[in-house]
Amino acid sequence: MSGGMLGRGVAITYLSLVVLIPLAAVAWASGEGGPGEFWSAVTTPEALSALRLTFGAALAVVAINAAMGTLIAWVLVRDSFRGRGLVNSIIDLPFALPTIVASLTLLVLYGPGSPVGIDVAYSPVAVVVALLFVTLPFVVRAVQPVLMELDTDMEEAAASLGAGRFTIFRRIILPNLAPAIFSGAGLSFARSIGEFGAVVLVTGNIPFETQVASVYIFGRIEGGDIPAAAAVSVVLLAFSLLALVGMNVLQGRWLRHEG
Amino acid sequence: MGITVRNVSKRFGEFVALDEVSLEIPNGSLTALLGPSGSGKSTLLRVIAGLEEPDAGEVVISGEDKTRTPPQRRGVGFVFQHYAAFKHMTVWENVAFGLEIRKRPKEQIRKRVGELLELVQLAGFAHRYPAQLSGGQRQRMALARALAIEPEVLLLDEPFGALDATVRKELRSWLRRLHEEMPVTTVLVTHDQEEAMEVANEIVVMNHARVEQVGTPEEIYESPASEFVMSFVGPVTRMRDALIRPHDVEILLDGDDSTVPAAVDGVLHLGFEVRVHLRLSGGEDLWAQIPRRTARELDLKPGDRVHVRASRSRTFA
């Protein structure tokens, strides 16, 4: 078993160096002035506004992704049309593209002087649009393989028992996709609350209007206020962690039924 | 009334799955569609269920033309080879599904599901999930689920195909008993001739998208309509131009006008029967299946010279 021990040791050391120690350092930095200072740092009007916008936008993104991501996955798996392969490879583009490039693209397309006549730049809508762009693949890629594996016998069985198309979707397909949808949605949420590159150009970073938490943190660091930056960072971290843990708990519960 | 299939054809691209198939399935019968894979038997079953739409022809169930009726409104219970269990529902919820769709009163659903679980011997498993059941239990659950809606016909697509041999045998005789208690018109698809003979009171032999023969297990075995049917429903060996069942090959120590000389090639003892491999004087091989007792009397050994006679044989054009 010494090989196992060695492997475990390396894995834990690596995880600690790359993830755990930096996170602990941030938590430490946020708590340097005691809980009172931490609390006042995260409840300044500007910080609160940034956090509110961040979580509001992230929740909107999660809801839209859950619905649209499932729909796109459905079309990619169940429909056959010319160019399906192409569409399928475009899905991953937001992951491959540097996020700052995405932000620039969105600014050109949906900013002042937009060639399509839509100007949402420097508004909260821009935040949501930018986040939708970078998180598109999460739900699609989580749902797609599950949908491919999904036994169409189940749907035929339900049909022969009298279930119409809508009932089959609601009672047979959706419950089987739910774990994957939640998993993709949880990842979109975690990604959304921390996104910087994609939002920084297109939103204009106007305090109390379009400034998200990550940009607020960046501003505090530039201004030399490290404890305030760390405090807001810890709030983001806590919510990300919560989303991921919640996702795992739900999945564990679902997996018990699978064979 | 039963089921009437009239001139049904179905293609999948270039592949012809059903070629003008016509069939009468009597009310209350237990019919097996028997054939090799690709013979069209599963497609025919799915056409009857409405899961596949025929290119031509019609399907009449209990006197009503159901050719264009969607599966939801055919009153057909369907059981799949791989169970098609609703994985996210308990056994109870699986069986109750069709009744809930029909918006039956809660009390009635509770009673009916209870009875069905009793019938399929799963009363103690109501709150388990399909993943926690064995294959045989899952298939019994699927059967209860199909029966819950009181179907006019019950269709089973290779229902025991995914189960191991012991469970398969058990379920066959159980299905037979169930059908005697509850004689709903039942059609079973299988590629296993032994299963067809054991379970069904009528067999439809299919090959290459067509029906080869319809008859009772005895008729199919004793009077096969074609060489294909004869060789598909039981062992055959060849003697000159005729096909013969190995148990109809007689081995004699002394020859006469009706016998052909042969040499013993090998003797295999397989429990209740003994298999004797023979070579005719012309160099052709055939084999005979003889009872243990006869084998003992003949005391055959490889190299022995004997005489054989076909007590029953058939020649097909």
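Residues numbered from 1 in each chain as written. Chains lettered and ligands numbered in written order. Predicted model: local features only at pLDDT ≥ 70, side-chain atom pairs only at ≥ 80, totals over all residues. Heavy atoms only, no water.

Undergrad: Where do I start with the overall build of chain A in this structure?
TA: A count of helices and strands for chain A gives twelve helices and zero strands. Secondary structure of chain A in N-to-C order comes out as α-α-α-α-α-α-α-α-α-α-α-α. With respect to the three principal axes, the spread of C-alpha positions in chain A is 65 × 65 × 30 Å. In chain A, which comprises 259 residues, the proportion classed as buried is 42%. Across chain A, contacts joining residues at least 24 apart in sequence account for 74% of those joining residues at least 6 apart. Carbon and sulfur atoms form 71% of the exposed surface of chain A, whose accessible area is close to 13,500 Å². One finds the centroid of the 13 positive side-chain charges in chain A at a distance of 9 Å from the centroid of its 16 negative side-chain charges. (Helix = DSSP H or I, 4+ residues; strand = E, 2+ residues; numbered from the N terminus. Buried < 20%, exposed > 50% of the residue type's maximum accessible area, 1.4 Å probe, protein only. Contact = heavy atoms within 4.5 Å. Areas by Shrake-Rupley, 256 points an atom, 1.4 Å probe, with all protein chains shown as cover. Lys, Arg positive; Asp, Glu negative; His and termini not counted. Charge placed at Lys NZ, Arg CZ, Asp CG, Glu CD.)

Undergrad: Where do I start with the pairing of strand β3 (residues 30-34) of chain B in this structure?
TA: On a regular strand, each side chain points to the face opposite its neighbour's, so the side chains alternate between the two faces of the sheet. Residue and element names in this part refer to chain B. Taking burial as the measure, the five residues of β3 include five buried ones, the bulk of the element. Along β3, one buried face is formed by L30, A32 and L34 and the opposite face, lined by T31 and L33, is buried too. As judged from the five bridges shared by β3 and strand β8 (residues 185-190), these two strands associate in the parallel manner. Bridge pairing in β8 links T31 to V187. Direction of pairing for β3 relative to strand β9 (residues 202-207): parallel, over a ladder of four bridges. Note on β9: the bridge partner recorded for L33 is V204. (Pairing = 2+ DSSP bridges.)

Undergrad: Explain the packing of aromatic side chains here, please?
TA: By convention here, two paired aromatic rings are described through the distance between centres and the angle between planes. Tallying each qualifying case throughout the model produces eight aromatic pairs over all chains. Consider the rings of F55 of chain A and F189 of chain A, whose centres lie 6.3 Å apart with planes at 25°: the pair is stacked. With F55 of chain A in helix α3 (residues 45-78) and F189 of chain A in helix α9 (residues 165-194), this residue pair connects regions lying 134 residues apart in the sequence. When its relative accessible area of 15% is taken as the criterion, F55 of chain A is described as buried. Exposure remark for F189 of chain A: the relative accessible area of 11% places this residue in the buried category. Here the aromatic rings of W74 of chain A and F169 of chain A are separated by 6.0 Å at their centres, their planes lie at 85°, and the arrangement is edge-to-face. With W74 of chain A in helix α3 and F169 of chain A in helix α9, the pair connects residues that are 95 residues apart, well separated along the chain. A connected cluster of aromatic rings, assembled from ring pairs, spans F55, F189 and F239 of chain A. If you follow R145 of chain B out to its NZ or CZ, it ends over the ring of F86 of chain B, 4.3 Å from the centre. Over the face of the ring belonging to W287 of chain B we find R275 of chain B, whose NZ or CZ atom lies 4.8 Å from the ring centre. (Phe/Tyr/Trp six-rings, centres within 6.5 Å; stacked < 30°, edge-to-face > 60°. Lys NZ or Arg CZ within 6 Å of the ring centre and 35° of its normal.)

Undergrad: Would you take a moment to explain the domain arrangement of chain B for this structure?
TA: How big an interface is tends to be expressed through the accessible area that disappears when the partners come together. Residue and element names in this part refer to chain B. Here the domain parsing of chain B yields domain 1 (3-230) and domain 2 (243-310). Centre-to-centre separation of domain 1 and domain 2, based on C-alpha positions: 42 Å. At the interface, four residues of domain 1 touch four residues of domain 2. Roughly 450 Å² of surface becomes buried between domain 1 and domain 2 when both sides are summed, with 56% attributable to carbon and sulfur atoms. Of all residues in domain 1, Y221, E227 and M230 give up the largest surface area on contact with domain 2, accounting jointly for 98% of the area buried on that side. Applying the counting criterion to the domain 1 and domain 2 interface returns zero salt bridges. Linking domain 1 to domain 2 there are three residue pairs in polar contact (both at pLDDT 80 or more). The class makeup of the residues in the side of domain 1 that touches domain 2 is three nonpolar, no polar and one charged. (Domains from an automatic or database assignment. Buried area = accessible area lost by both parts, 1.4 Å probe. Salt bridge = Lys/Arg side-chain N within 4 Å of Asp/Glu carboxyl O. Polar contact = N/O pair within 3.5 Å; in protein donor to acceptor, adjacent residues only side chain to side chain. Nonpolar A, V, L, I, M, F, W, Y, C, P; charged D, E, K, R; others polar.)

Undergrad: Help me understand the packing of helix α8 (residues 152-160) of chain A against α9 of chain A in this model?
TA: Two quantities define a packed helix pair, namely the angle between the helix axes and the distance between the axes. All names here are of chain A. Where α8 meets α9, the axes come as close as 10 Å, and the angle between the chain directions of the two elements is 155°. Between α8 and α9, the angle falls in the class roughly antiparallel. The chirality of how α8 crosses α9 is right-handed. Within the contact between the two elements, α8 uses M154, E155, A158 and A159 and α9 uses I168, I172, I173 and N176. Looking at the contact of α8 with α9 residue by residue, the classes come out as six nonpolar, one polar and one charged. (Axes fitted to C-alpha atoms, helices over the stretch in contact; angles between N-to-C directions. Parallel < 35°, antiparallel > 145°, perpendicular 65-115°, else oblique. Left-handed = near helix turned anticlockwise from the far one by under 90°.)

Undergrad: Hey, could you run me through the sheet that holds strand β15 (residues 273-280) of chain B in this one?
TA: Sheets are built from strands that pair by backbone hydrogen bonding, the pairs being arranged parallel or antiparallel. Residues and elements named next belong to chain B. Across the sheet, which stays open at both edges, the five strands sit in the order β13-β17-β14-β15-β16 with antiparallel pairing between neighbours. The open sheet terminates on both sides in strands that have one partner only, identified here as β13 (249-252) and β16 (285-291). With direction set aside, neighbouring strand axes in the sheet form an average angle of 45°.

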